[in-house]
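# A structural walkthrough
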Amino acid sequence: AIESFDVQGAFASLIGGGIDFGRTLIIILIYMAFIFAEQNIFKRKILAIAGSRRREAAQALDTMSRGVQRYLSIKTAISLLTGVICYFLLVFTQVPYAIIFAILTFLLNYIPTFGSIVAGLLAAITALAVHDSVAPAVIVAVGYAVVNTVLGSIVEPRILGRELNISPLVIIISVVVWVGLWGVVGGFLAVPLTAALQIVLASNERSRSIAILLSGAPPTEDGEVPRRTPRLALRRRRSS
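No experiment lies behind these values; they were computed from the predicted model shown. (Residues numbered from 1 in each chain as written. Predicted model: local features only at pLDDT ≥ 70, side-chain atom pairs only at ≥ 80, totals over all residues. Heavy atoms only, no water.)

Attention now goes to the overall build of the protein chain. Helices and strands together make up the secondary structure of the protein chain, namely nine helices and zero strands. Secondary structure elements of the protein chain occur, N-terminal to C-terminal, as α-α-α-α-α-α-α-α-α. A buried classification covers 37% of the 240 residues belonging to the protein chain. Once local pairs closer than 6 in sequence are excluded, the contacts in the protein chain between residues at least 24 apart make up 68%. Carbon together with sulfur atoms contributes 68% to the accessible area of the protein chain, which is approximately 14200 Å² in total. (Helix = DSSP H or I, 4+ residues; strand = E, 2+ residues; numbered from the N terminus. Buried < 20%, exposed > 50% of the residue type's maximum accessible area, 1.4 Å probe, protein only. Contact = heavy atoms within 4.5 Å. Areas by Shrake-Rupley, 256 points an atom, 1.4 Å probe, with all protein chains shown as cover.)

Structure, rendered in structure tokens:
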């Protein structure tokens, strides 16, 4: 089966998928550009229609902005570290186009759970196709699994747990839902959109129960959804 494997066809499909992925990435960058361009205008619009709840709306928007920014910064650092480690792993196992797979690993790591699995499968299949032995493919698969388990399942949740309080089950479901709606773009934006939705729900008494269901920990004794950024906002409000 390995000898009859069409390596050229596999690389052609991989290149085609990379082109489609690049187009999707460009669309994401365009979305983000318009979001940043509309940020201040959108905030003024929300505050204008908030009426008597203007202070609460400003606090919710500030909390949402801080949470998304911290999530993206932490996710970028973890994804970059994952890509670098996987690059050296691919170089060690002599898998061709290691730099391309490392970049792909870095980008796909923004999609929770599923992105790292897809990146590892692509690298392992390529190692299986170009080597006579299955040992390099096994090393690549195990290496990707270890790296993503340590960084993605241990280190990253511990760091993000102090910033965003979202249940892991909710994250997986949100990825499935947003991918179904927007494809790969939805996979990239699933966690920021879900975090923003939770913050909005937590700011209203009627929808606070839904925010608690989306959270990864029970509410505190005063009924607040445990989250780091709102405490910062509350301290600032008291000082003013």
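Here the narrative resumes.
A word on the side chain of Thr-82. Its location among the elements puts Thr-82 in helix 2 (residues 54-92). Judged by relative accessible area, Thr-82 falls into the buried class, the value being 1%. Reaching out from Thr-82, the side chain makes a polar contact with the backbone oxygen of Ile-78 at a distance of 2.8 Å. The contacts of Thr-82, once residues within four sequence positions are left out, are Thr-105, Asn-109, Val-147, Asn-148 and Leu-151. (Polar contact = N/O pair within 3.5 Å; in protein donor to acceptor, adjacent residues only side chain to side chain.)

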